[in-house]
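Observations on chain architecture
Listed here are the chains, written in short residue letters.
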Amino acid sequence: MPSDEAETAALVERLVGSVADGEERAVEVALRPKDLDEFIGQEKVREQLDLVLRAARGRGATADHVLLSGAPGLGKTTLSMIIAAEMEAPLRITSGPAIQHAGDLAAILSSLQEGEVLFLDEIHRMSRPAEEMLYMAMEDFRVDVIVGKGPGATAIPLELPPFTLVGATVRAGLLPPPLRDRFGFTAHMEFYEPTELERVVHRSARLLELEATPDGAAEIAGRSRGTPRIANRLLRRVRDYAQVKADGRITRETAGAALAVYEVDARGLDRLDRAVLEALLKLFGGGPVGLSTLAVAVGEERETVEEVAEPFLVREGLLARTPRGRVAMPAAWEHLGLVPARQGGPVDGRDRFPPDVRRG
């Protein structure tokens, strides 16, 4: 399996990647909603979270610990900021990879103010010793600081002020059950519907002082892979095109022409996605074909194909992972305008490769 760092780097490089680098995160700050009423989409999560926060404010207590799971770019960081704003509390932001030792976590926890919200991104990547310290901190608002080494080591209990931990992860199942069970509220962030993304695009266009027609916003939303972060990124690229090669207005024609320049097609597929599908259809007749063989045909690393390209293709119903290998779905043939091999289309790659090579 690829490292998280390698996968993140590959995603950041793509226009339709759901991970943002530091520069883009700075741009996102201006576009983020400030409260739950302004937050678009995730209706059930918003309703449930609103009840949790209102009840906590009514009791004059800190809110329960919150675990947010879902793909990058769906609004987990934004919701953590909204939680802090709704509770009128300070916000501290850190990440799992930054906490490599229990002492790192102890230093953060001991400096928290009462009621403060601690946002821990990628919480599943925190070190095990820090994770075990967090159990007690979340449940009893106390940590034991070890002083000394060996037989003479002493545990000094350190009382913590009540705080709210907001953890974010791509999948809640990546957390060990003892940690997951200590969250009072758990929510899963779903991918957005095109109509919701249209609202996101219109809102961002207003904040950026852009004129976007309903058709233009719909064109961008339809290519955004269900992710607000991608929608905002595509909007900025279309803005550049409209400014240089059009009249500055974002229409369907302008958006389509701009995204064609950036090789993002009508379904949100980019160069890598189409390369995987074209190799699978044209070279291997739709499969099944092994992952390693498919990666060689595309000229990419196995991990890049598996972790960067395939998840969206599978979610879109264009590709399936089977025990025998990768198989193209009927929608893939239709999207690329090709005829399936059994109907006289591309030659089946099984005529070229022995079974052990096809399975990779």
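Scroll up to find the structure this text is about.
Presented here is an overview of the structure given in this document. (Residues numbered from 1 in each chain as written. Predicted model: local features only at pLDDT ≥ 70, side-chain atom pairs only at ≥ 80, totals over all residues. Heavy atoms only, no water.)

**A short note on the nonpolar core**
The biggest cluster of nonpolar side chains holds 48 residues, and the ones touching the most others in it are Leu 49, Leu 79, Ile 220 and Ile 250. Of all the elements, helix H10 (residues 228-245) adds the most residues to this core, at 6 residues. Leaving out residues up to four positions away in the same chain, Ile 250 has contacts with Leu 210, Glu 211, Ala 212, Thr 213, Gly 216, Ile 220, Leu 235, Val 238, Arg 239 and Ala 242. (Core = buried A, V, L, I, M, F, W, Y, C linked by side-chain atoms within 4.5 Å. Buried < 20%, exposed > 50% of the residue type's maximum accessible area, 1.4 Å probe, protein only. Helix = DSSP H or I, 4+ residues; strand = E, 2+ residues; numbered from the N terminus. Contact = heavy atoms within 4.5 Å.)

**Focus: the sheet that holds strand E1 (residues 66-69)**
One open sheet accounts for 5 strands, arranged E2-E3-E6-E1-E7; its pairing is parallel. Where the open sheet ends on each side, the last strands, each with one partner, are strand E2 (91-95) and strand E7 (185-188). Taken over all neighbouring pairs, the strand axes of this sheet differ in orientation by 15° on average, direction set aside. Two strands pair when backbone bridges link them, and E1 and E7 are joined in this way by 4 bridges, in the parallel orientation. (Pairing = 2+ DSSP bridges. Axes fitted to C-alpha atoms, helices over the stretch in contact; angles between N-to-C directions.)

**Quick notes on the packing of aromatic side chains**
Following the criterion strictly, the structure yields 1 aromatic pair and no others. Each ring, one from Phe 141 and one from Phe 163, has its centre 5.5 Å from the other, and the planes form 80°; the classification is edge-to-face. Taken together, the positions of Phe 141 in the loop between helix H6 (128-140) and strand E4 (142-147) and Phe 163 in the loop between strand E5 (154-159) and strand E6 (164-169) put the pair 22 residues apart, joining distant regions of the chain. For Phe 141, a relative accessible area of 22% corresponds to the partly exposed category. (Phe/Tyr/Trp six-rings, centres within 6.5 Å; stacked < 30°, edge-to-face > 60°.)

**Quick word on helix H14 (residues 302-315)**
Helix length check: H14 (14 residues) gives 19 Å between terminal C-alpha atoms against 20 Å at 1.5 Å per residue, within 8%. At Ala 309, H14 shows its maximal kink, close to 45°; a proline, Pro 311, follows between one and four residues later. Turning to H14, its buried residues number three or more, namely Thr 304, Val 305, Glu 306, Glu 307, Val 308, Ala 309, Glu 310, Phe 312 and Leu 313. Following H14 by one or two positions, Gly 317 adopts a phi angle in the positive range, close to 75°. (Expected span 1.5 Å × (residues − 1). Bend = angle between axes of the 7 residues up to and from the residue.)

**Side note on the pairing of strand E3 (residues 117-121)**
Counting buried positions over the 5 residues of E3 gives 5, a clear majority of the element. Burial along E3 is two-sided: the face carrying Val 117, Phe 119 and Asp 121 and the face carrying Leu 118 and Leu 120 are both buried. One ladder, built from 5 bridges, connects E2 with E3; its direction is parallel. Residue Ile 93 lies in a different strand from E3, and its bridge partner there is Phe 119. Each parallel crossover has a hand, and the one from E2 via helix H5 (residues 102-110) to E3 is right-handed. (Right-handed = clockwise from strand over helix to strand, strands pointing away.)

**Some remarks on the packing of helix H8 (residues 194-207) against H10**
Taken N-terminus to C-terminus, the directions of H8 and H10 make an angle of 45°; their axes are 10 Å apart at the nearest point. In terms of orientation, H8 lies oblique with respect to H10. Here H8 and H10 pass one another in a crossing that is right-handed. Contacts from Leu 197, Val 200, Val 201, Ser 204 and Ala 205 in H8 reach Pro 228, Ala 231, Asn 232 and Leu 235 in H10. A per-class count over the contact of H8 with H10 returns 7 nonpolar, 2 polar and no charged. (Parallel < 35°, antiparallel > 145°, perpendicular 65-115°, else oblique. Left-handed = near helix turned anticlockwise from the far one by under 90°. Nonpolar A, V, L, I, M, F, W, Y, C, P; charged D, E, K, R; others polar.)

**Observations regarding the environment of Ala 279**
Take Ala 279: it is sitting in helix H12 (residues 271-283). Residue class for Ala 279 comes out buried when judged on its relative accessible area of 7%. The spatial distance from the C-alpha of Ala 279 to the C-alpha of Ala 295 is 9.1 Å, given a sequence separation of 16 residues. Once residues within four sequence positions are removed from consideration, Ala 279 is found in contact with Phe 284, Leu 294, Ala 297 and Val 298.

Interpretation note: all reported values are geometric properties and have no functional meaning in isolation.
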